[in-house]
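# Remarks on the overall topology
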Amino acid sequence: MSLQDFINEAISPWMNTEGSDSDIVLSSRIRLARNFDYAAFPTSGEQESLIKVLEHMEKEYSNQSYNQFKQFHLVKMAELEPVQKRVLVEKHLISPHLAENNHTGAALISENEQASIMINEEDHLRLQLYYPGFELTKALETASQIDDWLEERTQYAFDEQRGYLTSCPTNVGTGLRASVMMHLPALTMTNKMNQIVPEINKLGLVVRGIYGEGSEALGQLFQVSNQITLGKSEEEIVEDLKSVVQQLIESERRAREWLLQQSGIQLEDRIFRSYGVLAHSRIIESKEASKCLSDVRLGIDLGYIKNVSKNILNELMVLTQPGFLQHYAQKALNPKERDAFRAHLIRERLQLEQY
Amino acid sequence: MMCQKCQEHEAAVHYKQVVNGEKQETHLCEGCAQEEGYMNFSDNGLSIHQFLTSMFPFDQSISQKQQVRRTEDAVCNKCGLSYQAFRRKGKFGCSNCYETFHPYLDPILKRVHSGNTTHVGKIPKKIGGNLHKQRELDQLRKQLEQLVQNENFEEAAPVRDQINKLKQELEEEREGGDQ
Ligand SMILES: [Zn+2]
Ligand SMILES: [Zn+2]
């Protein structure tokens, strides 16, 4: 397989389009949890009703089209190799939990991989919809339409007081989890995230970062999502999240300007060192790769680095995960081999940029 | 530090999050972190441990005896889940569990959802028009209250008319339903 073919397979088509504020917000996601009225939840372990749910979804929706999403294809967990599942997990199309359900687990995935409906995960249905950039309103609107399309042919478990009933009390009500993935290098470098995160938590939102050995978040990526699903409408939940994300975007932009003014040469040095590491190293662990990728992406956004596409951060964060590395290598790799292969893949990817 | 999950490899990913002011740390090796999906969009607002502790914070304070008596009778007759098992797992087994455990739910939901216990969002299309109309009525009443408070009587008049119309419709439907 050529690298270009591999990338085309690894990167979902929707990721190649650009959304609002995409210098800071990499993607937006809406997830809706829904259950059928007649069947016990997947958490009950009652197989018979889960088989019915799967059969219903297969019969009614497999290879069906919905508006811009074209066909939805059904993949059954029972029919996938472990490495295929891992690739779907790394592409965010299924969850690790669904991958473990080898009996009744399945997913309906749209052709452009923007929408995925997980079947018999923790709830009967978990619809996820992704948009590039900061597009929560559009994502909610579209997700709600797909939800109506799914409801047409079944009866949802719904209670007037509690709303959409879910396996877990943390999802009941709207069943909505709205999230954005943000790249916040300047707020991280200026140690502002430590102050900001507790403030955001007070508003009923959750911020997640991935931390390496140091104090900086891995890839300086943060996921911000709502925690509360009950007592607020879908629109309110999304508006509340949006206003916080908007403030974070503005703070990040100000911090970038400040960094440029205060320590332009140091910042430029850090960025180009990272670029050098990615372009020349022979062994690279995922945390170092994440840090360097984040620096290079910042370098592109600030105009230091030209001729490298912005997508490099999103793309290589996906491509250099173990499932994809082994898929590209077409064999199992131990952690040491992975580090060497990762370095090789990144060098090769950067060479594609130089024309 | 060893990986919390496999206890085999050195932990490489230290995952921190703060929920409602409480800090939680997870330490995993690279492989386990990938498996747990920490690099991906994570789906739950809370980790299961946090969630259970935030749901049932007074576990220890209830005497064993009391606890047993309170929960003996609460078993879902549809899926067989007992209240005790629900407390342990933190998950319902079916939609009927919400009915069965109704007396215990408000405090749990309040803790998880910042004091809220009632849904105000989307309503499935198939749930009769009644609930949709009831919602609309609630909205209009709020609107009217606001307008009257601001002494904006000109705009309040048509809102009041609309409320009366909806009320009448709802009443007619109710009478129709009783026959
Ligand atoms: Zn491990
Ligand atoms: Zn039940």
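Higher on the page you've got the structure.
Heads up: these notes are all about the structure in this document.

Criteria and thresholds
Residues numbered from 1 in each chain as written. Chains lettered and ligands numbered in written order. Predicted model: local features only at pLDDT ≥ 70, side-chain atom pairs only at ≥ 80, totals over all residues. Heavy atoms only, no water. Helix = DSSP H or I, 4+ residues; strand = E, 2+ residues; numbered from the N terminus. Contact = heavy atoms within 4.5 Å. Areas by Shrake-Rupley, 256 points an atom, 1.4 Å probe, with all protein chains shown as cover. Rg over C-alpha atoms; globule rule 2.2 N^0.38 Å. Buried < 20%, exposed > 50% of the residue type's maximum accessible area, 1.4 Å probe, protein only. Lys, Arg positive; Asp, Glu negative; His and termini not counted. Charge placed at Lys NZ, Arg CZ, Asp CG, Glu CD. Donors = N, O, S within 2.8 Å, 3.2 Å for Na, K, Ca; no water. Tetrahedral: all angles 85-135°; square planar, octahedral: opposite > 155°, others 65-115°. Core = buried A, V, L, I, M, F, W, Y, C linked by side-chain atoms within 4.5 Å. Pairing = 2+ DSSP bridges. Arc of directions from axis to C-beta. Phe/Tyr/Trp six-rings, centres within 6.5 Å; stacked < 30°, edge-to-face > 60°. Lys NZ or Arg CZ within 6 Å of the ring centre and 35° of its normal. Salt bridge = Lys/Arg side-chain N within 4 Å of Asp/Glu carboxyl O. Axes fitted to C-alpha atoms, helices over the stretch in contact; angles between N-to-C directions. Parallel < 35°, antiparallel > 145°, perpendicular 65-115°, else oblique. Left-handed = near helix turned anticlockwise from the far one by under 90°. Nonpolar A, V, L, I, M, F, W, Y, C, P; charged D, E, K, R; others polar.

On to the overall build of chain B, then. A count of helical and extended segments in chain B gives eight helices and two strands. Its helices and strands taken in sequence order, chain B reads β-β-α-α-α-α-α-α-α-α from the N to the C terminus. Partitioning the intrachain contacts of chain B with sequence separation of at least 6 by distance along the chain shows that 38% fall at a separation of at least 24. A total of about 10600 Å² of accessible surface is found on chain B, and carbon and sulfur atoms cover 48% of it.

All right, on to the overall build of chain A then. Regarding its fold elements, chain A presents 12 helices and 10 strands. Taking 355 residues into account, the globule formula puts the C-alpha radius of gyration at 20 Å, and chain A, at 21 Å, falls close to it. In terms of overall dimensions, chain A has C-alpha extents of about 65 × 45 × 35 Å along its principal axes. The 355 residues of chain A split such that 63% are buried. In chain A, the proportion of contacts linking residues at least 24 apart, taken out of those at least 6 apart, comes to 70%. Total accessible area computed for chain A in this model is approximately 13700 Å², and 48% of it derives from carbon and sulfur atoms. Of note, chain A has its 37 positive side-chain charges centred 6 Å away from the centre of its 50 negative side-chain charges.

Here we come to the coordination of the zinc ion (ligand 2). Residue and element names in this part refer to chain B. The zinc ion (ligand 2) binds to the protein through C76 (SG), C79 (SG), C94 (SG) and C97 (SG), with metal-donor distances spanning 2.3 Å. The site at the zinc ion (ligand 2) holds four donor atoms, and with the angles between them running 98 to 122 degrees, its shape is tetrahedral. Within one chain, the residues donating to the zinc ion (ligand 2) are spaced in sequence as C-x2-C-x14-C-x2-C. Overall, the relative accessible area of 0% leaves C94 in the buried class.

Below, the discussion takes up the nonpolar core. Of all hydrophobic cores here, the largest spans 103 residues; its most connected members are I30, M57, I119, I146, L150, M182 and L248 of chain A. Looking at which element gives the most residues to this core, the answer is helix α8 (residues 234–280) of chain A, with 13 residues. For I30 of chain A, the contacting residues outside a window of four places in its chain are L127, Q128, L129, L136, A139, L140, A143, L176, R177, A178 and V238 of chain A. Grouped together as the second largest cluster of nonpolar side chains are 21 residues, A40 and L230 of chain A together with L81 and Y98 of chain B included.

Residue and element names in this part refer to chain A. Examined against the element boundaries, L26 turns out to sit in strand β1 (residues 25–34). A C-alpha to C-alpha distance of 22 Å links L26 and R126, two positions 100 residues apart in sequence. Leaving out residues up to four positions away in the same chain, L26 has contacts with P132, G133, M181, H183, L221, R297, L313 and N314.

Our focus in this paragraph is the pairing of β1 of chain A. Residues and elements named next belong to chain A. The buried fraction of β1 is high, at 10 of 10 residues. In this sheet, strand β8 (residues 176–183) lies alongside β1 in antiparallel orientation, the contact comprising seven bridges. By the bridge assignment for β8, S28 is matched with V180.

All names here are of chain B. Three or more residues of helix α6 (residues 102–112) are buried, namely Y104, L105, I108, L109 and V112. Viewed end-on, α6 has its buried residues packed into an arc of 130 degrees, placing them on one side of the element. Directly after α6, the chain includes S114, whose backbone phi takes a positive value near 50 degrees.

This next bit is on the packing of aromatic side chains. All names here are of chain A. For the structure shown, the criterion picks out 16 aromatic pairs over all chains. Their ring planes at 50 degrees and their centres at 6.4 Å tell us that F69 and F72 sit as a pair that is tilted. Overall, F72 belongs to the buried group, its relative accessible area being 0%. A cation sits over an aromatic face here: R34 above Y164, 3.5 Å from the ring centre.

This paragraph deals with unusual backbone geometry. You will see that K70 of chain A, though not glycine, has its phi angle at about 50 degrees, which is positive. Residue K70 of chain A is classed as exposed on the basis of its relative accessible area, which comes to 52%.

What follows concerns the pattern of salt bridges. Applying the stated criterion to the full structure yields 29 salt bridges over all chains. Between D240 of chain A and K232 of chain A there is a salt bridge, with its nearest N and O atoms 2.6 Å apart. The closest approach of N and O atoms between K287 of chain A and E285 of chain A, which form a salt bridge, is 3.2 Å. Residue classification places K287 of chain A among the partly exposed residues on the basis of a relative accessible area of 21%. Because the salt bridges share partners, they merge into one network encompassing R34, D147 and D148 of chain A together with K122 and K125 of chain B.

Take K122 of chain B: it is sitting in the loop between α6 and α7 (129–149). Exposure remark for K122 of chain B: the relative accessible area of 16% places this residue in the buried category. Excluding residues within four positions of it along the chain, K122 of chain B makes contact with R34, S144, D147, D148, F158, Y164 and E234 of chain A.

On to the packing of helix α9 (residues 286–302) of chain A against helix α10 (residues 312–319) of chain A. Residues and elements named next belong to chain A. One way to put it is that α9 packs onto α10 with a least axis distance of 9 Å and a crossing angle of 165 degrees. What the angle tells us is that α9 and α10 run roughly antiparallel. Crossing hand, α9 versus α10: right-handed. Contact residues: S290, L293, S294, V296, R297 and I300 in α9; I312, L313, N314, L316 and M317 in α10. Residues that form the contact of α9 with α10 fall into these classes: seven nonpolar, three polar and one charged.

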